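# Residue-level structural notes
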Amino acid sequence: MNVKTLIAAAVFATFASGAALAQEATPDTWQKVSSSASREQVRNEAVAALKTGQIEFGEASRGFDAPSASGPSRAQVLAETREAQRLGLVHYGEAQVRVASAADLESIRVAGLRDVNAQMAKAK
């Protein structure tokens, strides 16, 4: 009898605690914020902050207006990958990993540069 009572009490406590902690995210629970400023006042403050430079607007605030230094081109990366595959440095699955030597790394770098030079020659 005690075992059944303990199991029933544990089940009841589990469901009761879940119900006590659960709260739905409905508009009536998260829209209880009130403000003393009117919509027009907030808008005027935002416009004034934009004019004085306290906040930025648009893409300029994220730094999209200036081109950033980019890495290697897609073609260069593909050329380097093909060279690494040719040298047996790209592995699939559970294959034994071969560590690249300094000569292998130089060969991969040269393959990428060779592709960059070929692309530049085509552009001219």
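Described in the following lines is the structure provided in the data block. (Residues numbered from 1 in each chain as written. Predicted model: local features only at pLDDT ≥ 70, side-chain atom pairs only at ≥ 80, totals over all residues. Heavy atoms only, no water.)

## Description of helix 4 (residues 74-86)
- Compared with an ideal rise of 1.5 Å per residue, which puts 13 residues at 18 Å, helix 4 spans 18 Å between its outermost C-alpha atoms and is within 8% of the ideal.
- Turning to helix 4, its buried residues number three or more, namely Gln76, Ala79, Glu83 and Ala84. Buried residues in helix 4, looked at end-on, bunch into an arc of 135°, giving them a common side. Set apart from the buried face of helix 4 by more than 90 degrees, the exposed residues are Arg74 and Arg82.
- The inward-facing, buried residues of helix 4 abut helix 5 (102-123).
- Following helix 4 by one or two positions, Gly88 adopts a phi angle in the positive range, close to 80°. (Helix = DSSP H or I, 4+ residues; strand = E, 2+ residues; numbered from the N terminus. Expected span 1.5 Å × (residues − 1). Buried < 20%, exposed > 50% of the residue type's maximum accessible area, 1.4 Å probe, protein only. Arc of directions from axis to C-beta. Contact = heavy atoms within 4.5 Å.)

## Considering the side chain of Asp104
- Its place among the elements puts Asp104 in helix 5.
- Not counting residues within four places of it along the chain, the set of residues in contact with Asp104 comprises Leu87, Leu89 and Arg98.

## Notes on the packing of helix 4 against helix 5
- Interhelical geometry of helix 4 versus helix 5 gives an angle of 145° and a closest axis separation of 8 Å. Crossing geometry of helix 4 relative to helix 5 is assigned as right-handed. Within the contact between the two elements, helix 4 uses Ala75, Gln76, Ala79, Glu80, Glu83, Ala84 and Arg86 and helix 5 uses Ser107, Ile108, Ala111, Gly112, Leu113, Asp115, Val116 and Gln119.
- Counted by class, the contact of helix 4 with helix 5 contains seven nonpolar, four polar and four charged residues. (Axes fitted to C-alpha atoms, helices over the stretch in contact; angles between N-to-C directions. Left-handed = near helix turned anticlockwise from the far one by under 90°. Nonpolar A, V, L, I, M, F, W, Y, C, P; charged D, E, K, R; others polar.)

Coordinates in, geometry out; function isn't part of it.
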